[in-house]
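Close look at the chain arrangement
Residues per chain are reported as follows:
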Amino acid sequence: MYPEVSSRIQQLDSTLSTIEKVMDPEGMSARARELEQQAGDPSLWDDPDHAQKVTTELANVQARLRKLASLRTRIDDLPVMVELAEEEGEASLVDDELDALEKQVSALEVQTMLSGEYDEREAVVHIRSGAGGVDAADWAEMLMRMYVRWAEKSDHKVDVYDISYAEEAGIKSATFVVHGEYMYGQLSVEQGAHRLVRISPFDNQGRRQTSFAEVEVLPVVEQTDHIDIPDTEIRVDVYRSSGPGGQSVNTTDSAVRITHIPTGIVVTCQNEKSQIQNKASALNVLQSKLLERKRQEEKAEMEALGAGGNASWGNQMRSYVLHPYQMVKDLRTNYEVGNPQKVLDGDLDGFLEAGIRWRMDESQE
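Figured I'd write up the structure that's included with this text. These figures come from a predicted structure and were not determined experimentally.

**With respect to helix H4 (residues 78-88)**
All of the buried residues along H4 are Leu-78, Val-82 and Ala-85. Down the axis of H4, the sector holding all buried residues measures 70°, keeping them to one side. Structural note: H4 exposes Val-80, Glu-87 and Glu-88 on the side pointing more than 90 degrees away from its buried face. Against helix H1 (3-23), helix H3 (48-76) and helix H5 (91-112) lie the buried residues of H4. Downstream of H4 by a residue or two, Gly-89 has a phi angle that is positive, lying close to 65°.

**So, the environment of Ser-288**
By secondary structure assignment, the location of Ser-288 is in helix H9 (residues 275-304). Counting along the chain gives 172 residues from Ser-288 to Gly-116, while the straight-line C-alpha distance between them is 16 Å. Ignoring sequence-local partners within four residues, the contact set of Ser-288 consists of Val-124, Leu-218, Pro-219, Val-220 and Val-221.

**Digging into helix H6 (residues 133-153)**
Helix length check: H6, at 21 residues, gives a terminal C-alpha distance of 31 Å against a target of 30 Å (1.5 Å per residue), a fit within 8%. Two residues or fewer after H6 comes Asp-155, characterised by a positive phi angle close to 60°.

**Some points on the sheet that holds strand S6 (residues 234-239)**
Taken in spatial order, the 3 strands make up an open sheet running S6-S7-S8, and their pairing is antiparallel. The outermost strands of the open sheet, each flanked by one partner alone, are S6 and strand S8 (265-269). Within the sheet, the average angular offset between the axes of one strand and its neighbour, ignoring direction, is 15°. Pairing of strand S7 (residues 255-260) with S8, which is carried by 5 bridges, proceeds in the antiparallel orientation. Each residue of the ladder has a partner; that of Ile-258, found in S8, is Val-267.

Criteria and thresholds
By convention here, each chain's residues receive numbers from 1 onward along its written sequence. Two thresholds apply to this predicted model, a pLDDT of at least 70 for residue-level local features and 80 or more for giving and counting side-chain atom pairs, whereas whole-chain, interface and lining totals are computed over all residues. To obtain the side-chain values, all non-hydrogen atoms of the structure were used and water was disregarded. The buried label applies to any residue whose accessible area, calculated with a 1.4 Å probe on protein chains only, is under 20% of its type's maximum; exposed applies above 50%, and partly exposed to all values in between. Only DSSP runs of H or I with at least four residues qualify as helices, and only runs of E with at least two residues qualify as strands; both kinds are numbered from the N terminus onward. To obtain the arc, one takes the directions from the helix axis to the C-beta atoms. Contacts are residue-level and defined by heavy atoms, with any inter-residue pair within 4.5 Å sufficient. In this scheme, a helix's expected span is set at 1.5 Å multiplied by one less than its residue total. Pairing between strands is defined by DSSP: at least two bridges between the two strands are required. An axis is simply a line fitted to the C-alpha atoms; with a helix, the fit covers only the stretch in contact. Between two such axes, the angle follows the N-to-C directions and lies from 0 to 180 degrees.

Structural data, given as structure tokens:
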């Protein structure tokens, strides 16, 4: 066995052993058995919300156990694979397997760093166009497409709650939910201002344009969060949906706008056909925003007492340059790639991993 290959195998084995200690497969197995008993109770579905929570947690725990078991088996089998590859002159197969395992183990290691209060939640993503006129509106739509493509590649469902289209091109804003475990923990590092530099397709003289869009990421609120919103504190307006959509969407007053009077927070939803569904979705987003506001206030209080860490990344957190050269660079982590189109097509894993590792390092300083 080549020394380099042996070293890589040892490193993989060591990293996975550390992950196993953190994730505790025995504890997860015990939890899975407990959830299986609950799932087998005929009365479980008397409370559909609780039943959904039980079955979802069971599926997630089982998936994590399968992932750990699969990685452990593949790593344990590597020495035999190396011997067979040497005999048959297929060293490239070992390199391919090592590359794949290193990527998967690294991704799992990053997940063990997501231990924040809301990191396991699904994510509400809100994108707003900033400075840059029509280019900024187009840029906001490009960002939305980037995140949707990333979610699709990762097999995570996306529900679009609201899109406000700009007059000439692009969008003024959009709100959507990315479903799946640890979506908030992963996507929360995307929060901030994203800067695009390119030759503007909307400039007749072909000049270079810099435009900005703001990304906000919130955890999906659960019933246990107890964010009470009295009816007297909200104003609900209904109106006709705009933009692309079916007849029932565009010909009835089904869109809903909710204003939280004490804070001035406004949320809208127009993706559903019924006013009731849109109101429920809008209230969920409002609760997420109020929960984040509460969390920020509590963090500010802790920092004022000297107990908080530096978790602020500043406004401009990433630059996407399409002209005069090709590069996407995160200004916090210095992680960069030279293929912007690949990133805009949803290849974000490298940036997410670097951001999560950076955030953990910052919190430990």
